[in-house]
Amino acid sequence: MRRLLMATLLHLDASARRRSISREIGDAFAGSWRAAHPGGTYVHRDLAAEPVPHIGEAWTELCDHVLAHGITDIDRYKEAARTPEQAEAWAVVEPLLSELVAADVILIATPMYNYSVPSSLKAWLDQVTFPRMSLAGRRFVVATARGGAYGPGAPKARFDHQERFLRDFFAGHFAVEDAVFVAADLANSRVDPALAHRRAEHDELYAAALRTARDLGKEY
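Position labels on residues start from 1 in each chain and follow its written sequence. In view of the model being predicted, local features appear only for residues whose pLDDT reaches at least 70, and side-chain atom pairs are presented and counted only at 80 or more, with totals across whole chains, interfaces and linings using the full set of residues. The basis for every side-chain value is the complete set of non-hydrogen atoms in the structure, without hydrogens or water.

What follows concerns the side chain of Ser120. Secondary structure follows DSSP: runs of H or I at least 4 residues long count as helices, runs of E at least 2 residues long count as strands, and numbering of each begins at the N terminus. When you line up the elements, Ser120 lands in helix H4 (residues 119-128). Those residues in contact with Ser120 that lie beyond four places of it in its chain are Ala14 and Leu47. Throughout, a residue-residue contact means that at least one pair of heavy atoms, one from each residue, lies within 4.5 Å.

Further remarks concern the sheet that holds strand S4 (residues 139-145). The pairing criterion is simple: DSSP has to find at least two bridges between the two strands. Here five strands make up an open sheet; going across it, the order is S2-S1-S3-S4-S5 and the pairing parallel. Bordering the open sheet on either side are strand S2 (41-46) and strand S5 (180-184), each of which pairs with just one other strand. Averaged over all adjacent pairs, the angle separating strand axes in this sheet is 15 degrees, with direction ignored. Bridge count between S4 and S5: five bridges; the pairing is parallel. Counterpart to Val142 in the pairing with S5 is Phe181. Simply put, an axis is a line fit to the C-alpha atoms, just over the touching stretch for a helix, and the angle between two N-to-C directions goes from 0 to 180 degrees. Seen against the sheet, helix H1 (residues 21-36) touches strand S1 (8-13), S2, strand S3 (105-111), S4 and S5 and runs at an angle of roughly 160 degrees to S3. Helix H6 (residues 199-219) contacts S4 and S5 of the sheet and is inclined by roughly 155 degrees relative to S5.

This part is about the packing of aromatic side chains. Paired rings are identified among Phe, Tyr and Trp, the last through its six-membered ring, by centres lying within 6.5 Å, and are further divided according to the angle between planes into stacked (under 30 degrees), edge-to-face (over 60) and tilted (the rest). Applying the stated criterion across every chain yields a total of ten aromatic pairs. Plain terms: the ring middles of Phe29 and Tyr220 are 6.0 Å apart, the flat faces sit at 85 degrees to each other, and that makes the pair edge-to-face. A residue pair is termed long-range when its members are at least 10 positions apart, and Phe29 in helix H1 and Tyr220 in the segment after H6 qualify at 191 residues. This pair shows no difference in class: Phe29 is buried, exactly as Tyr220 is. Summarising the aromatic geometry, the rings of Phe170 and Phe174 are spaced 6.4 Å apart at their centres and angled 15 degrees between planes, so their arrangement reads as stacked. Placement of both Phe170 and Phe174 in helix H5 (residues 163-174) is noted, with a separation of four residues, approximately one turn of the helix. With a 1.4 Å probe rolled over the protein chains alone, any residue whose accessible area is under 20% of its type maximum counts as buried; one over 50% counts as exposed, and the rest are partly exposed. Among the residues examined, Phe170 registers a relative accessible area of 0% and is labelled buried. Ring pairing ties together the aromatic residues Phe140, Phe165, Phe169, Phe170 and Phe174, which thus form one cluster.

Following this line, the structure appears as structure tokens:
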């Protein structure tokens, strides 16, 4: 695949922990990517340290205007801000959306919380998503850690509303079908006595996730 010498990576962290497995896997990808793209642009946003506001009514009015007027050109979304309240909502959206649109690769480092994604990540997704928008051509990588085992065949696989949600979101809202997920399961074996017997399995999954993330960073 042709490497974009002047590519841009947008790196999002969503874990509430300052030191977390998802952050470590994301950092492994980002470090490898930056080494492979010395002329590239790297943008990091910590959604836990600097939370994005939840959407409000004025945001819904922006969305309604875009939908009612058939606006699919992202550069025209700002036309929807016609009142002071809408302009205030757009002032929140604009820098987040600009970072997203400018990126060639979007790296999302996120844990699984309560079978899904942290509210900090959901708030960001809500702010940057508008009707019938397309981010086709961009590449999404998700670095994730999960307390239990949620892979194919695992008893709790049916409770995974993290990867399934994000894959559906990327495909349905962004027209991106080929997101890559790098996961380290059984993270709770580090603290939960009931999972202590699976710590070695977790350690293997964690080490494999770090290797995969570094390899992907070189390729992307």
